[in-house]
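# Structural characterization, general
Residue strings, one per chain:
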Amino acid sequence: MTEASEKKSGPQVGETVVHAVPGDTPVDLEAAFRDSQVQEVLDKLDRELVGLKPVKTRIREIASLLLVDRLRRQLGLTTETPTLHMSFTGNPGTGKTTVALRMAEILHRLGYVRQGHLVAVTRDDLVGQYIGHTAPKTKEVLKRAMGGVLFIDEAYYLYRPENERDYGQEAIEILLQIMENNRDDLVVILAGYKDKMDRFFLSNPGMRSRIAHHLDFPDYSGEELMAIASLMLAQIQYRFSPEAEKAFGDYIRRRMVMPHFANARSIRNALDRARLRQANRLFAHARDRLTKNDLMNLEPEDIVASRVFSDGVPDEQEPGAGAK
């Protein structure tokens with residue numbers, strides 16, 4: 001046997017060997033889906049977030065695409081790493097960060113990222129204030145995010161054309177390079193208000209061309225916000241009395257049309273204030289014996305004491321009302 005034939009007699013170290021598979025080889029797609037444990041993540045998303053049917057449907061579609069792609073690779077079919085960078089648009093408190101967290105889990109379980117962690121940042125984490133400051137800041141964030149998902153909130157603030165001395169464009173250029181060259185080890189999700197994100201993409205066509213999936217998160221309806229409130233309370237072992245539930249439904253209808261409304265975030269803030277009023281109410285009657293129900297129930301007076309009822313304005317400008 002010649003030296004050349006010896007080299008060809010078996011696979012070499014580091015060589016990828018694709019075995020020929022007959023075209024009629026059966027593939028059990030349901031078993032592959034079950035083994036991936038992606039359904040657990042989808043179920044968790046359903047438990048965590050009320051509504052958002054279009055968003056959840058799109059997440060399932062992406063998961064299906066990635067699972068089929070993985071099966072194709074296993075059978076030796078031609079495939080390439082799909083572009084998975086995304087844009088999440090919508091108003092504050094519509095679940096974008098939670099969906100990004102679950103998307104990271106799905107990508108990890110299907111083998112598209114190594115670790116499946118989420119690194120959430122804003123412009124301040126990426127852009128420096130003087131020459132030579134932006135590149136190391138951006139690269140450090142990217143280093144932390146590698147193997148997972150980088151979630152950039154209010155991403156449109158990266159680009160400020162009105163400021164000639166702004167360094168956001170430098171961060172964008174670094175991001176574009178990494179998004180293209182490292183798409184098999186990092187997924188970038190840009191988030192923000194839809195109108196502002198549309199303008200951002202018009203000003204940055206390179207960024208738009210790298211975004212494969214655009215998901216729009218709708219505002220919650222009054223009924224969905226009521227369900228969210230009940231879910232939030234149940235998670236911490238509180239509940240509305242029947243009368244308080246009616247009062248909070250009225251609160252939601254009034255609050256939704258006021259400034260700085262932030263969907264689920266505003267609901268959480270309202271419940272925090274209601275719990276504070278409940279505690280003060282219970283202490284005001286400290287001479288009475290308290291029952292477990294007393295400690296769990298929110299009553300109408302804990303709700304209607306809000307300035308939403310008395311003055312027709314929000315109780316206060318809620319923290320983070322302008323964020324996503």
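Residues numbered from 1 in each chain as written. Predicted model: local features only at pLDDT ≥ 70, side-chain atom pairs only at ≥ 80, totals over all residues. Heavy atoms only, no water.

A few words on the sheet that holds strand β4 (residues 187–192). Strand order in this open sheet of 5 strands is β2-β3-β4-β1-β5, and the pairing throughout is parallel. Because the sheet does not close on itself, it has two edges, and the strands there are β2 (118–121) and β5 (213–217). Put simply, the sheet's adjacent strands are angled 20° from each other on average, direction ignored. Both strand β1 (residues 86–90) and β5 contribute to a ladder of 5 bridges, which runs parallel. Residue Ser87 lies in a different strand from β5, and its bridge partner there is His214. Relative to β5, helix α4 (residues 53–74) is tilted by about 155°, and along the sheet it contacts β1 and β5. Together, β1, β4 and β5 form the strand contacts of helix α9 (residues 194–203), whose direction differs from that of β4 by roughly 125°. (Pairing = 2+ DSSP bridges. Helix = DSSP H or I, 4+ residues; strand = E, 2+ residues; numbered from the N terminus. Axes fitted to C-alpha atoms, helices over the stretch in contact; angles between N-to-C directions. Contact = heavy atoms within 4.5 Å.)

Another point: helix α3 (residues 38–48). Here α3 has its buried residues at Val38, Val41, Leu42 and Leu45. End-on, the buried residues of α3 take up no more than an arc of 100°, which puts them together on one face. Contact partners of the buried residues in α3: α2 (29–36), α4 and α5 (96–109). (Buried < 20%, exposed > 50% of the residue type's maximum accessible area, 1.4 Å probe, protein only. Arc of directions from axis to C-beta.)

All right, on to the nonpolar core then. Core analysis: the largest hydrophobic core is formed by 57 residues, its most contacted members being Phe88, Ile106, Leu107, Phe240 and Phe248. Sort the elements by how many residues they give to this core and α4 lands first, with 7 residues. Aside from chain neighbours lying at most four places away, what touches Phe248 is Met226, Ala229, Phe240, Ile267, Ala270, Leu271 and Ile303. Among the nonpolar cores identified, the runner-up in size contains 31 residues, and Leu142, Met146, Tyr167 and Leu186 belong to it. (Core = buried A, V, L, I, M, F, W, Y, C linked by side-chain atoms within 4.5 Å.)

Moving on: the packing of helix α11 (residues 222–235) against helix α12 (residues 242–255). Axis separation between α11 and α12 bottoms out at 10 Å; the angle between their running directions is 130°. It follows that α11 is oblique to α12 by the angle criterion. Classified by chirality, the crossing of α12 by α11 is right-handed. On α12, the residues touching Gly222, Leu225, Met226 and Ala229 of α11 are Glu245, Phe248, Gly249 and Ile252. (Parallel < 35°, antiparallel > 145°, perpendicular 65-115°, else oblique. Left-handed = near helix turned anticlockwise from the far one by under 90°.)

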